[in-house]
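Coordinate inspection notes
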Amino acid sequence: DVLLSPAVRVIRALPVVSFILFVLLWTRRGLVPVVVSALMVLPVGWGNVGRGIRETDPRLLEQARALRFSRPKTVRFSRGKVLALIYLPSLRPHILAALTTGAGLAWKSGVAAEVLCRPAWAVGTQIVQARDYLETPSLFAWTLVVLLLSLALEKLLSALLNRINRRWSP
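Not measured: the values here are computed from a predicted model. Every chain's residues receive numbers from 1 upward, in the order its sequence appears when written. Residue-level local features of this predicted model are given only where pLDDT is at least 70; pairs of side-chain atoms are given and counted only at 80 or more, and the full residue set underlies all totals for whole chains, interfaces and linings. Heavy atoms from the whole structure form the basis of all side-chain values; hydrogens and water molecules are not counted.

Description of the environment of L153
Applied cut-off: Put simply, DSSP marks the helices as runs of H or I at least four residues long and the strands as runs of E at least two long, and each gets a number from the N terminus on. In this scheme, a residue with accessible area under 20% of its type's maximum is buried, one over 50% is exposed, and one in between is partly exposed, where area comes from a 1.4 Å probe on protein chains only. The contact definition used throughout considers only heavy atoms, calling two residues in contact when any of these lie within 4.5 Å.
Within the secondary structure, L153 is located in helix α8 (residues 136-168). The partly exposed category is assigned to L153, whose relative accessible area is 33%. Linking L153 and A103, residues 50 residues apart in sequence, is a C-alpha distance of 8.1 Å. Discounting chain neighbours no more than four positions away, the residues touching L153 are A103 and W107.

Now the structure itself:
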């Protein structure tokens with residue numbers, strides 16, 4: 001946390017457009033939306049998971065020490081099924097919140113990156129072309145496509161997270 005928190009704070013503070021332009025200078029055009037989306041989601045995940053670790057019930061940790069749990073035993077995976085004893089149950093709501101918030105942020109920042117870097121066959125590229133040619137109906141149509149895809153992604157993510165949540169439950 002001491003090592004990486006300053007970098008995460010910088011990522012959180014800088015404007016999305018700056019990241020888009022820097023990444024556009026340093027990578028291929030097609031990678032820009034992916035890298036920018038990951039960079040925008042990183043502080044959300046870092047903050048939520050870090051908070052979850054800090055808010056883990058100290059009485060559970062004390063009990064784990066009293067029972068002489070090894071560190072791996074406090075978070076353990078076995079046969080594809082999660083058998084977390086301490087940390088994963090404490091982190092579950094924070095991870096789910098990070099995934100839900102991060103998905104929307106990744107989607108919006110990815111489309112913004114597409115608008116600036118214009119990769120072939122991207123929704124953001126279509127939005128820019130509609131703007132450039134003053135095609136208002138096309139601009140509304142592509143905006144509607146973004147909205148519908150975002151809602152579908154949210155519904156899919158929600159179903160997936162509910163399934164994972166049931167699997168994590170005791």
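So, the packing of helix α6 (residues 87-117) against helix α7 (residues 123-132)
Going by this rule: Note on method: axes are straight lines fitted to C-alpha atoms, helices fitted across the in-contact stretch only, with angles between N-to-C directions ranging 0 to 180 degrees. Between 65 and 115 degrees an angle is taken as roughly perpendicular, under 35 as roughly parallel, over 145 as roughly antiparallel, and anywhere else as oblique. Crossing handedness: left-handed means the near helix sits turned counterclockwise from the far one by under a right angle, and right-handed means the same turn made clockwise.
In contact at an axis separation of 7 Å, α6 and α7 are set at 55 degrees when each is read in the N-to-C sense. Between α6 and α7, the interaxial angle falls into the category oblique. Considering the relative orientation of α6 and α7, their crossing is right-handed. Contact residues: α6 offers V111, E114 and V115, while α7 offers V123, G124, T125, I127 and V128.

Topic: the side chain of T56
Worth spelling out the cut-off: N or O atoms closer than or at 3.5 Å make up a polar contact, with two conditions inside protein: a donor-capable atom paired with an acceptor-capable one, and, for residues adjacent in sequence, both atoms drawn from side chains.
The residue T56 is located in the loop between α3 (32-54) and α4 (58-66) in this model. Engagement of the side chain of T56 in a polar contact is seen with the backbone oxygen of G52, the distance being 3.0 Å. Not counting chain neighbours up to four residues away, the residues in contact with T56 comprise L61, I86, Y87 and S90.

Focus: unusual backbone geometry
A positive phi is found at W121, a non-glycine position, where the angle reads about 60 degrees. Its place among the elements puts W121 in the loop between α6 and α7. The exposure class assigned to W121 is exposed, which follows from its relative accessible area of 84%.

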